[in-house]
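An overview of the molecular structure
Here is what each chain is made of, one letter per residue.
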Amino acid sequence: MDDLIVLKNLRKVYKMGDEKIIALNSIDLNIKRNEFVCLLGTSGSGKSTLLNMMAGLEKPTKGEIIINGHHLEKMNETQLTKFRQLNIGFVFQSYNLIPTLSAMENVSLGLTFKGVPKAKRDKMAKEMLENVGLGNRLHHKPSEMSGGQQQRVSIARAFVGKPKIVFADEPTGNLDTKTTFEVMDLITGMARENNQTLIIVTHDNEISSYAHRVVYIRDGNIEKITHNQIITEGEKTK
Ligand code: ADP
Ligand code: MG
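Thoughts on helix H6 (residues 177–193)
Helix length check: H6, at 17 residues, gives a terminal C-alpha distance of 24 Å against a target of 24 Å (1.5 Å per residue), a fit within 8%. When H6 is considered as a whole, its buried residues turn out to be Thr179, Thr180, Val183, Met184, Leu186, Ile187, Thr188, Met190 and Ala191. For H6, the elements touching its buried residues are strand S3 (36–40), helix H4 (118–131), helix H5 (147–159), strand S8 (197–202) and helix H7 (205–208). Capping the start of H6 is the job of one residue whose side-chain oxygen sits 3.2 Å from the backbone nitrogen of lysine 178: aspartate 176. Where H6 ends, the next residue or the one after it, asparagine 195, has phi of about 55°, a positive value.

Below is the structure:
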């Protein structure tokens, strides 16, 4: 009933010359509002393909992707772009920041498409960068920041517009252990605070232990789904 994302018989086949690569076989999956789901699997299992299709970045070969009642597989590029701008935040493994723009400009850019006026955009971007601990890096370009700092800028960019859903594809894949936990705490904390639905791709068991549900992907199929016992902040202090 309160499913925010519904995937039905989702299939993705890539054609490489004569060869067909079945990246996703036939996926059925429902994700609830405010849920935190991890997609776990080895390299090449189809995790990114699945995430990209849910985020409207790639078209399925077959099947349905229904978000909040909207069929993504029926949308054209313009409609998809608009839908993404209004509803979706995305964190990439390799940050994907615009190299010529400062941290502030990278974060505020997405708000332009939402019609937020300049002064408000600047204020929101500055506050969000302060929230992720980069209040002293507002005017730095990506090349002038560490990997962990760049990922925090990209997290600020994904969250600044308070999208309904945030997707992250191996967001800590290029980070050291200490930074990994800082970045995970940041992402999960903000999603919880804003009541957002969070879907993270990882091949790391430890990261998946943060999630409500873990969806194991193998050879383009869902192998199994497990539920985690999540310790809430209140319970921790008991
Ligand atoms: P994962 O994210 O789990 O590592 P991917 O979803 O990136 O896996 O890829 C799943 C399979 O689809 C792999 O075999 C990969 O080589 C193939 N694949 C992914 N993207 C493309 C593409 N654009 N063209 C052809 N094959 C692709
Ligand atoms: Mg991947």
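A short note on H4
Compared with the 20 Å implied by 1.5 Å per residue over 14 residues, the 20 Å span of H4 between its first and last C-alpha is a close match. Where H4 is concerned, the buried positions are Arg121, Ala125, Met128 and Leu129. Here the buried residues of H4 occupy an arc of 100° about the axis, which is enough to place them on one side. H4 presents Ala119, Lys123 and Asn131 as exposed residues on the side facing more than 90 degrees away from its buried surface. Packed against the buried residues of H4 are helix H3 (103–113), H5 and H6. Immediately downstream of H4, the backbone of glycine 133 shows phi near 85°, a positive value.

Looking at the sheet that holds strand S9 (residues 213–218)
Within a sheet, neighbouring strands are paired by backbone hydrogen bonds and run either parallel or antiparallel to one another. The sheet built from six strands is open, its strands ordered S6-S7-S8-S3-S9-S10 with mixed pairing. Taken across any chain shown, the strands that pair with only one partner, and hence form the sheet edges, are strand S6 (88–91) and strand S10 (221–227). With direction set aside, neighbouring strand axes in the sheet form an average angle of 15°. Strands in contact with H6 are S3 and S8; relative to S8, the strand with the most contacts, it is inclined by about 155°.

Each value, and the rule that gives it
- Residues numbered from 1 in each chain as written.
- Chains lettered and ligands numbered in written order.
- Predicted model: local features only at pLDDT ≥ 70, side-chain atom pairs only at ≥ 80, totals over all residues.
- Heavy atoms only, no water.
- Helix = DSSP H or I, 4+ residues; strand = E, 2+ residues; numbered from the N terminus.
- Expected span 1.5 Å × (residues − 1).
- Buried < 20%, exposed > 50% of the residue type's maximum accessible area, 1.4 Å probe, protein only.
- Contact = heavy atoms within 4.5 Å.
- Polar contact = N/O pair within 3.5 Å; in protein donor to acceptor, adjacent residues only side chain to side chain.
- Arc of directions from axis to C-beta.
- Pairing = 2+ DSSP bridges.
- Axes fitted to C-alpha atoms, helices over the stretch in contact; angles between N-to-C directions.

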